[in-house]
Amino acid sequence: MSRRTFLSLSAIVIVGCRSQSDESGPTDVNNSTSPPTNAPSTATTPAPPTSDPVVTSEPTVDSVAPALAVDPFTLGVASGDPDGSSVVLWTRLTGELPADGIDVEWEVASAGGSVIGSGVERVGPSTGGALHVVVDLTEPVTFRFRAGGFDSPEGRTAPVGELESVRLATASCQHFETGFYAAHRDIAEWDPDLVVFLGDFIYEGAANPIGDGRVRSHDGPEPMDLAGYRDRYATYLADEHLQASRAACPWLVIWDDHEVENNYAGLVPQDAADAAGFAARRAMAYQAWWEHTPTRLPAPDPASDDYPIYRSIDVGDLLAISMLDGRQYRSDQVCDATLDVGPPCPGWDDPTRSMLGAEQEAWLADRFGSTTSRWNCVAQQTVMTDLRFAGTGGILNYDQWDGYVPARDRSLAGAPADLVVLTGDIHLAGVGLLGDPTGASPTGVEFVTASISSAGNVPADLQPVLAGYPNVVDAELTKRGYTRHTVTADTWTAEYRTVDDVTSADSPVSTWKTFVVDHGTATVTVQT
Ligand code: FE
Ligand code: CA
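Residues numbered from 1 in each chain as written. Chains lettered and ligands numbered in written order. Predicted model: local features only at pLDDT ≥ 70, side-chain atom pairs only at ≥ 80, totals over all residues. Heavy atoms only, no water.

Peer 1: What is the right way to look at the overall build of the protein in this model?
Peer 2: Along the protein, the regular secondary structure elements total eight helices and 24 strands. Counting every position in the protein, which comprises 528 residues, the buried fraction comes to 58%. Sequence-distant contacts in the protein: of pairs separated by 6 or more residues, those separated by 24 or more amount to 71%. When the accessible surface of the protein is totalled, it reaches about 19200 Å², and 55% of it is carbon and sulfur. (Helix = DSSP H or I, 4+ residues; strand = E, 2+ residues; numbered from the N terminus. Buried < 20%, exposed > 50% of the residue type's maximum accessible area, 1.4 Å probe, protein only. Contact = heavy atoms within 4.5 Å. Areas by Shrake-Rupley, 256 points an atom, 1.4 Å probe, with all protein chains shown as cover.)

Written as structure tokens, this is what we have:
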């Protein structure tokens with residue numbers, strides 16, 4: 001046994017692992033600032049060893065688990081919410097599980113293949129079959145699970161400690177019906193340090209027939225309860241390229257609207273007719289999100305009327321990432337108009353309206369006020385660059401930050417000068433400058449990632465209009481894809497990958513353009 005392997009093994013045995021059920025309160029992965037109110041636990045200060053699970057250096061015997069009739073690992077494996085010394089391993093067992101649960105073994109192995117840690121967790125109907133186990137790590141590993149005589153697929157993961165550079169992929173909006181996941185295949189091939197998923201992991205619409213831009217169909221009606229949302233996640237997670245991407249590295253996951261319902265705001269559904277029962281529906285959607293997400297967060301508390309998921313991780317001193325929730329606490333959109341260049345709808349400038357809610361705004365301000373990181377990044381849902389129509393102040397999209405101008409001003413007031421905002425939602429690739437809409441004195445840079453597979457929702461012929469804004473560096477409205485970010489002390493490089501043909505899972509994926517921010521400049525150059 002090498003000294004390194006021995007040290008890793010010692011760390012695991014001494015510190016142990018922490019099952020999700022041992023955690024209390026939502027989790028701020030990083031502990032450098034005040035967390036959300038329900039005092040998340042941290043992993044940088046390891047929790048004391050618990051009596052379970054058993055942690056040994058060898059796999060535990062198979063006899064602890066009864067045989068299952070069918071493979072329970074159809075949803076694959078994933079990992080997430082890493083910090084400098086630990087990561088969450090995830091799977092969710094499908095099929096009939098014994099009422100009192102079943103023992104699931106987990107096992108991590110070093111790059112050389114030596115098993116350096118393992119344990120057993122009891123998993124049953126009480127968590128919907130979901131397993132989230134926090135494992136302390138000092139090096140990249142492979143991991144897998146075993147239950148009922150079946151082995152899961154293998155995943156790869158690593159902690160994110162002091163790194164000289166970090167490579168992260170941003171992705172969002174993967175409508176199952178409107179495309180295949182060649183982009184996820186390309187993410188897995190890139191083998192990044194992190195995937196940051198910015199929302200719209202599922203879409204809630206009922207199944208549509210194939211054809212008219214749809215290459216495959218959802219299974220069943222629009223989900224309205226827990227069983228419905230679980231089925232929808234199962235449809236998505238059956239995709240081999242999505243499974244490969246989730247197994248390639250740790251993910252940081254936030255949600256947008258479609259994990260519940262299109263354009264919902266707080267407890268206000270899209271259609272007023274759906275208001276009765278929407279709170280219960282939202283709670284079921286949030287529960288299903290937790291069950292299928294590799295996160296350190298605890299399950300939603302049924303006794304609580306909210307579920308805080310905003311949280312942070314720091315990659316050493318290089319990069320501080322703040323992940324926001326722009327759906328659960330937002331005020332309702334003031335109107336539903338789109339691409340309207342006339343004067344804005346009444347109420348647009350009401351300072352009491354919020355995108356993040358007061359507590360999350362204060363948390364973000366505290367992050368900004370106390371950062372010592374070289375780069376600061378906000379991963380969030382909707383476009384933040386000021387795209388109001390010159391002259392009239394017309395708001396083209398009331399669902400974006402333009403529909404919440406006073407809240408945007410408050411949220412960015414204390415932002416550090418090197419801010420980079422990572423955005424999804426709008427199904428186009430774009431690069432924008434924050435601050436003054438003339439683009440003359442930018443205070444930060446926004447990288448909007450294309451959708452993985454969701455169809456464009458801004459007419460492609462508006463490309464020259466959008467690209468003509470002085471604070472828009474560039475935009476591409478017709479292609480699906482994702483973005484590769486490489487962050488070093490001196491530069492932030494964003495390589496936009498686009499899928500040639502989203503109707504083919506085997507489609508080539510190539511680079512549209514690569515943009516570079518030199519640290520401290522808040523300006524963008526195109527790499528040639
Ligand atoms: Fe979307
Ligand atoms: Ca969205």
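Peer 1: Teacher, can you tell me more about the pairing of strand β5 (residues 102–110) here?
Peer 2: Each regular strand shows side chains that alternate between the opposite faces of the sheet. Within β5, nine of the nine residues are buried, leaving the element largely enclosed by the surrounding structure. Along β5, one buried face is formed by I102, V104, W106, V108 and S110 and the opposite face, lined by D103, E105, E107 and A109, is buried too. Taken together, β5 and the strand that follows it, strand β6 (residues 115–123), pair antiparallel across an intervening segment of four residues, in which G113 is found at a positive phi of about 100°. (Pairing = 2+ DSSP bridges.)

Peer 1: Hey, could you run me through helix α4 (residues 240–248) in this one?
Peer 2: Because each turn of an α-helix spans 3.6 residues, side chains separated by three or four positions end up pointing in the same direction. Most of α4 is tucked away: seven of the nine residues are buried. Within α4, the full set of buried residues consists of H241, L242, Q243, S245, R246, A247 and A248. Taking the backbone nitrogen of H241 as reference, a side-chain oxygen 2.8 Å away marks D239 as the first, capping residue of α4. (Polar contact = N/O pair within 3.5 Å; in protein donor to acceptor, adjacent residues only side chain to side chain.)

Peer 1: Just checking my understanding: could you explain the sheet that holds strand β19 (residues 444–448) for this structure?
Peer 2: Where strands meet in a sheet, backbone hydrogen bonds hold them as pairs that are either parallel or antiparallel. Spatial strand order, β14-β15-β16-β17-β19-β18-β20: seven strands in an open sheet with mixed pairing. The sheet terminates laterally at β14 (311–315) and β20 (472–476), the two strands that pair on one side only. Strand-to-strand twist across the sheet, computed as the mean angle between neighbouring axes with direction ignored, equals 20°. For strand β17 (residues 419–423) and β19, the ladder comprises five bridges, and the chain directions are parallel. The residue of β19 that forms the bridge with V420 is V445. (Axes fitted to C-alpha atoms, helices over the stretch in contact; angles between N-to-C directions.)

Peer 1: Sorry if this is basic, but what is going on with the nonpolar core here?
Peer 2: Generally speaking, a soluble globular protein has its nonpolar side chains buried in company with each other. Residues L194, W289, L319, I321, F447 and W492 are the most contacted members of the largest nonpolar core, which totals 76 residues. Sorting elements by how many residues they give to this core places helix α5 (residues 278–292) first, with six residues. Beyond its immediate stretch of four places on either side in the chain, W492 contacts L319, W375, C377, V420, L422, F447, H485, T486, V487, F515, V516 and V517. Core analysis: the next-biggest nonpolar cluster, separate from the first, contains 22 residues, V87, W106, V135 and A147 among them. (Core = buried A, V, L, I, M, F, W, Y, C linked by side-chain atoms within 4.5 Å.)

Peer 1: Looking at this structure, I do not really get the coordination of the calcium ion (ligand 2). What am I missing?
Peer 2: When a metal holds four donors in a tetrahedron, each ideal angle between them is 109.5 degrees; when it holds six in an octahedron, the ideal angles are 90 or 180 degrees. Surrounding the calcium ion (ligand 2) are the protein donor atoms D200 (OD), D256 (OD), D257 (OD) and D425 (OD), which sit 2.3 to 2.6 Å from the metal. We note that the donor set of the calcium ion (ligand 2) lies within a single chain, spaced as D-x55-D-D-x167-D. Between the two metal centres, the calcium ion (ligand 2) and the iron ion (ligand 1), the spacing is 3.7 Å, with D200 acting as a shared donor. Here D425 lies in the loop between β17 and β18 (429–434) and D257 lies in the loop between β13 (250–253) and α5, a separation of 168 residues in the sequence. (Donors = N, O, S within 2.8 Å, 3.2 Å for Na, K, Ca; no water.)

Peer 1: What should I look at first to understand the packing of aromatic side chains in this one?
Peer 2: Here a ring pair, both rings aromatic, is described through the centre-centre distance and the interplanar angle of the planes. Applying the stated rule across the entire model yields 19 aromatic pairs. Judged by centre distance (6.3 Å) and plane angle (80°), the rings of Y310 and Y329 are edge-to-face. Of this pair, Y310 sits in the loop between α5 and β14 while Y329 sits in the loop between β15 (319–323) and α6 (358–370); the two residues are 19 residues apart in sequence, bridging distant segments of the chain. An aromatic cluster is defined as three or more aromatic residues linked by ring pairs; in this entry it consists of F197, F201, Y233 and W251. Positioned over the ring face of F176 is R216, at 3.8 Å from the centre of the ring. Above the ring of W251, the side-chain terminus of R246 is found at 6.0 Å from the ring centroid. (Phe/Tyr/Trp six-rings, centres within 6.5 Å; stacked < 30°, edge-to-face > 60°. Lys NZ or Arg CZ within 6 Å of the ring centre and 35° of its normal.)

Peer 1: I'm lost on the state of the cysteines in this one. Help?
Peer 2: Two cysteines form a disulfide when their sulfur atoms are joined by a covalent bond. As enumerated under the stated definition, the model contains one disulfide in all. A sulfur-sulfur separation of 2.1 Å characterises the disulfide bridge that pairs C335 with C345. Its torsion about the S-S bond being 80°, the disulfide of C335 and C345 is classed as right-handed. Of this pair, C335 sits in the loop between β15 and α6 while C345 sits in the loop between β15 and α6, and the two are ten residues apart along the sequence. Its relative accessible area of 16% is what places C335 among the buried residues. (Disulfide = S-S within 2.5 Å.)

Peer 1: Explanation requested: the coordination of the iron ion (ligand 1) in the structure shown.
Peer 2: Surrounding the iron ion (ligand 1) are the protein donor atoms C173 (SG), D200 (OD), Y203 (OH) and H427 (NE2), at 2.0 to 2.5 Å. Note that the iron ion (ligand 1) binds four donor atoms; their angles at the metal cover 87 to 169°, and the shape is irregular. Counting the intervening residues between successive donors of the iron ion (ligand 1) yields the motif C-x26-D-x2-Y-x223-H. (Tetrahedral: all angles 85-135°; square planar, octahedral: opposite > 155°, others 65-115°.)

Peer 1: Just to check I follow, could you spell out the environment of T170 for this structure?
Peer 2: As for its position among the elements, T170 is in strand β11 (residues 165–171). In this structure T170 comes out as buried when scored by relative accessible area, which is 1%. Spatially, the C-alpha atoms of T170 and V195 are 6.0 Å apart, while their sequence positions differ by 25 residues. Residues in contact with T170, not counting those within four places in the same chain, are V196, L198, L422, T449, Y482, T483 and H485. Reaching out from T170, the side chain makes a polar contact with the side chain of H485 at a distance of 2.9 Å.

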